[in-house]
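Residue strings, one per chain:
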Amino acid sequence: MADFDRDYFVAVFRRMAATAEENRDEWTRLDGAIGDGDHGINLSIGFRAVVKQLDALPDDTDVAGLFKLVGMTLLRKVGGASGPLYGSFFMKAGAEVPGQAQVSFDELRRMLRAGVTSIQQRGKAELGDKTMLDSLLPGLDVLEAADADDPRAALAAFVERMRQGSDETIPLRARKGRAMRLGDRSIGHRDPGSQSSWQLLNCLLEGDRARS
Ligand code: ADP
Ligand code: MG
């Protein structure tokens, strides 16, 4: 079974940065409908700073070090609620695998679970509150139930469930974050973080290493 090494994750983070650029206006438009219209701007600023860090990455950086660097950069650079949430997601994910140059598929699943748990602990949101957790939590359940012998298929199913989870936020009433202030007027709009999270994690399908 394939291992996921530092170079794979560097490629994934570069792809995430490109995704943040490509979807900046769309994420901002979604946030404009039920928030303050800065979600895409926040994340594109954050990932531009990530790319700068990747361009100067020391050779001896391991997987945990890479995730810590990305997480801290997002935490520092991204304004709004999503910065600390995405920042702690990557930091806690990396902290699962200290000192490793590469991780197995099972370790990758553990990393993602740890990251999502930290979003729950920090943001205190639950499933159905109309946040990024509505894509992340059901996606992760699918990932954990998937066949470990085919990481690529498992990651594809994970992302597909996240995409559906984002769709499922549309009829929900926001119970966390800025959109909560709108009450019933938040109904009928997609949660921006549920969209950015599936599109960012879709980048795990990037690169040969995920092809099992
Ligand atoms: P802000 O709301 O501060 O302007 P952003 O616009 O960057 O920050 O991010 C908004 C997104 O953050 C929301 O769409 C939602 O998915 C996510 N979010 C907000 N609060 C929480 C929370 N408590 N738990 C999980 N996700 C949250
Ligand atoms: Mg916002």
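Residues numbered from 1 in each chain as written. Chains lettered and ligands numbered in written order. Predicted model: local features only at pLDDT ≥ 70, side-chain atom pairs only at ≥ 80, totals over all residues. Heavy atoms only, no water.

**Q** Even after reading the chapter, I still don't get the site of ligand 1, so can you show me in this structure?
**A** Around ligand 1 sit 19 residues in total, of which N42, A81, S82, G123 and D191 are the nearest. Within the side chain of D31, one N or O atom sits 3.0 Å away from an oxygen atom of ligand 1. S82 is positioned such that a nitrogen or oxygen atom in its side chain is 2.6 Å from an oxygen atom of ligand 1. For ligand 1, whose free accessible area comes to 560 Å², the fraction covered by protein is 93%. Breaking the shell around ligand 1 down by element, the ones donating at least two residues are α2 (39–55), α4 (82–95) and α8 (192–201). Counted by class, the shell around ligand 1 contains five nonpolar, eight polar and six charged residues. (Near = heavy atom within 4 Å. Polar contact = N/O pair within 3.5 Å; in protein donor to acceptor, adjacent residues only side chain to side chain. Areas by Shrake-Rupley, 256 points an atom, 1.4 Å probe, with all protein chains shown as cover. Helix = DSSP H or I, 4+ residues; strand = E, 2+ residues; numbered from the N terminus. Nonpolar A, V, L, I, M, F, W, Y, C, P; charged D, E, K, R; others polar.)

**Q** Can you help me understand the coordination of the magnesium ion (ligand 2) in this one?
**A** Each pair of donors in an ideal four-coordinate tetrahedral metal site encloses 109.5 degrees, whereas pairs in an ideal six-coordinate octahedral site enclose 90 or 180 degrees. Only D31 (OD), D36 (OD) and D38 (OD) from the protein coordinate the magnesium ion (ligand 2), and they sit 2.1 to 2.2 Å from it. Taken in sequence order, the residues that donate to the magnesium ion (ligand 2) follow the motif D-x4-D-x1-D. Here D38 falls in the partly exposed class, since its relative accessible area comes to 21%. (Donors = N, O, S within 2.8 Å, 3.2 Å for Na, K, Ca; no water. Buried < 20%, exposed > 50% of the residue type's maximum accessible area, 1.4 Å probe, protein only.)

**Q** Mind showing me how you'd approach helix α3 (residues 63–77) here?
**A** Count 3.6 residues to each turn of an α-helix, and residues three or four apart come out pointing the same way. Along its 15 residues, α3 runs 21 Å from first to last C-alpha, staying within 8% of the 21 Å computed at 1.5 Å per residue. Looking only at α3, the buried set comprises V63, A64, L66, F67, V70, G71, T73 and L74. Structurally, α3 contributes buried residues whose contacts are with β1 (4–5), α1 (6–34), α2, α4, β2 (102–103) and α5 (105–123). (Expected span 1.5 Å × (residues − 1). Contact = heavy atoms within 4.5 Å.)

**Q** Would you take a moment to explain the environment of D55 for this structure?
**A** Among the structural elements, D55 can be located in helix α2. Since its relative accessible area comes to 56%, D55 is described here as exposed. Distance in space between the C-alpha atoms of D55 and R14 is 9.8 Å, their sequence separation being 41 residues. A distance of 2.9 Å separates the side chain of D55 from the side chain of R14, its partner in a polar contact.

**Q** Whenever I open this one, the packing of aromatic side chains confuses me. Can you help?
**A** How two aromatic rings sit relative to each other is given by the distance of their centres and the angle of their planes. Under the criterion given, the structure shown has eight aromatic pairs. Their ring planes at 55° and their centres at 6.1 Å tell us that F67 and F90 sit as a pair that is tilted. Taken together, the residues span a long stretch of sequence, with F67 in helix α3 and F90 in helix α4 at a distance of 23 residues. Look at F89 and F90: their rings are 5.0 Å apart centre to centre, the planes differ by 80°, and that puts the pair in the edge-to-face class. Judged on exposure class, the residue F89 and its partner F90 are both buried. (Phe/Tyr/Trp six-rings, centres within 6.5 Å; stacked < 30°, edge-to-face > 60°.)

So yeah, pure geometry; function would need other evidence.
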